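Overview (structure and organization)
Here is what each chain is made of, one letter per residue.
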Amino acid sequence: ERLRAQQASAPKPEKKLVSITISPKSGALTIGGTQAFSATGIYSDNSTNNITGLVQWAGGDGSSFTAKKGGTFTLTATYQGISGSATIIVKKLPTALVVSPAQKTIKINETASFTAKVTFNDWSAEDVTGKAGWAPMNPFTGTAAGAYTITAGYENVSGSAAVTVQKTLKAVSVAPAERTIKIS
């Protein structure tokens, strides 16, 4: 009984912060988007407490993150020497696609090649020639005379170029075949 009395009067160990969990653990945004986060402290006695207002945040705008450019970012919350983090992936959205050259003239059976360059909503640009879908095809071979449109598409944007295919001159004939000119 004495042991029981000693155990009952012994001070309880102070609960200590052992980890911080950020919610959501990850976020996916597009440029201009904002995501709010919260921090939960996990203690040595397995209890939890919302400590969003107590932590020091790094990598965002306090407990939120506003996407200003594309890439992968980390938002960190620190309290009492313990840190937790969340990963945010910001996707750039394409806003325009330019096909170059914009116009091309070729002869029948000649080939014309084009490039596709996309501009994103963070003003960056990327050559997507190999990633774009092309119609009718790139490179384009002129099989018949006429005017054609070559279109490239990438995600939600597209651009086009004009191709003129000219007939090939095969021969020149002069009539009459013979003529005599008198010199005086």
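It should be noted that the structure appears before, not after, this text.
Within each chain, residues carry numbers counting from 1 in the order of the written sequence. Local features are withheld for residues below a pLDDT of 70 in this predicted model, meaning they are given only at 70 or higher, and side-chain atom pairs are given and counted only at 80 or more; totals for whole chains, interfaces and linings count all residues. Note that the side-chain values use all heavy atoms of the structure and ignore hydrogens as well as water.

**With respect to the sheet that holds strand β5 (residues 48-50)**
When DSSP finds at least two bridges between two strands, those strands are taken to pair. Strands here are runs of E lasting at least two residues and helices are runs of H or I lasting at least four, both read from the DSSP assignment and numbered beginning at the N terminus. The antiparallel open sheet is built from 3 strands, whose spatial order is β1-β4-β5. Edge positions in the open sheet fall to β1 (17-23) and β5, since each of these has one partner strand only. Pairwise comparison of adjacent strand axes, ignoring direction, gives a mean angle of 25 degrees for this sheet. As defined by bridge partners, strand β4 (residues 38-43) adjoins β5 across 3 bridges and the pair is classed as antiparallel. Looking at β5, one finds that G41 is bridged to N49. All axes are obtained by fitting lines to C-alpha atoms, using only the stretch in contact for helices, and the reported angles, taken between N-to-C directions, cover 0 to 180 degrees.

**Considering the packing of aromatic side chains**
Note on aromatic contacts: the rings of Phe and Tyr and the six-membered ring of Trp form a pair at centre separations within 6.5 Å, being stacked when their planes are under 30 degrees apart, edge-to-face when over 60 apart, and tilted otherwise. Taken as a whole, this structure holds 2 aromatic pairs when the rule is applied. Seen from their ring centres, F65 and F73 are 5.5 Å apart, and the 40 degrees between their planes marks the pair as tilted. Given a relative accessible area of 6%, F65 falls into the buried group. The interplanar angle of 50 degrees and the centroid separation of 5.2 Å between the aromatic rings of F140 and Y148 together place this pair among those described as tilted. The cut-offs for exposure are 20% and 50% of the maximum accessible area for each residue type, with area from a 1.4 Å probe on protein chains only; residues under the lower value are buried, those over the upper are exposed, and the others partly exposed. The class of Y148 is partly exposed, set by a relative accessible area of 28%.

**Some words on the sheet that holds strand β13 (residues 115-120)**
For sheets, the rule is that strands pair by backbone hydrogen bonds, running either parallel or antiparallel. With antiparallel pairing, 3 strands are arranged side by side in an open sheet as β10-β13-β14. The two strands at the open ends of the sheet, each matched to only one other strand, are β10 (94-100) and β14 (125-127). Strand-to-strand, the axes of this sheet are offset by a mean angle of 20 degrees, without reference to chain direction. Strand direction decides the pairing type here: β13 and β14, joined by 3 bridges, are antiparallel. Pairing of K117 across the sheet is with D127, part of β14.

**Structural notes on the pattern of salt bridges**
The term salt bridge refers to a pairing of a side-chain nitrogen on Lys or Arg with a carboxyl oxygen on Asp or Glu at a separation within 4 Å. As enumerated under the stated definition, the model contains 3 salt bridges in all. Among the ionic pairs, K91 bridges to E155, the shortest N-O distance being 3.4 Å. Of this pair, K91 sits in strand β9 (residues 82-91) while E155 sits in the loop between β17 (146-154) and β18 (157-166), and the two are 64 residues apart along the sequence. Residue classification places K91 among the partly exposed residues on the basis of a relative accessible area of 39%. K131 serves as the salt-bridge partner of E126, at 2.5 Å between the closest nitrogen and oxygen.

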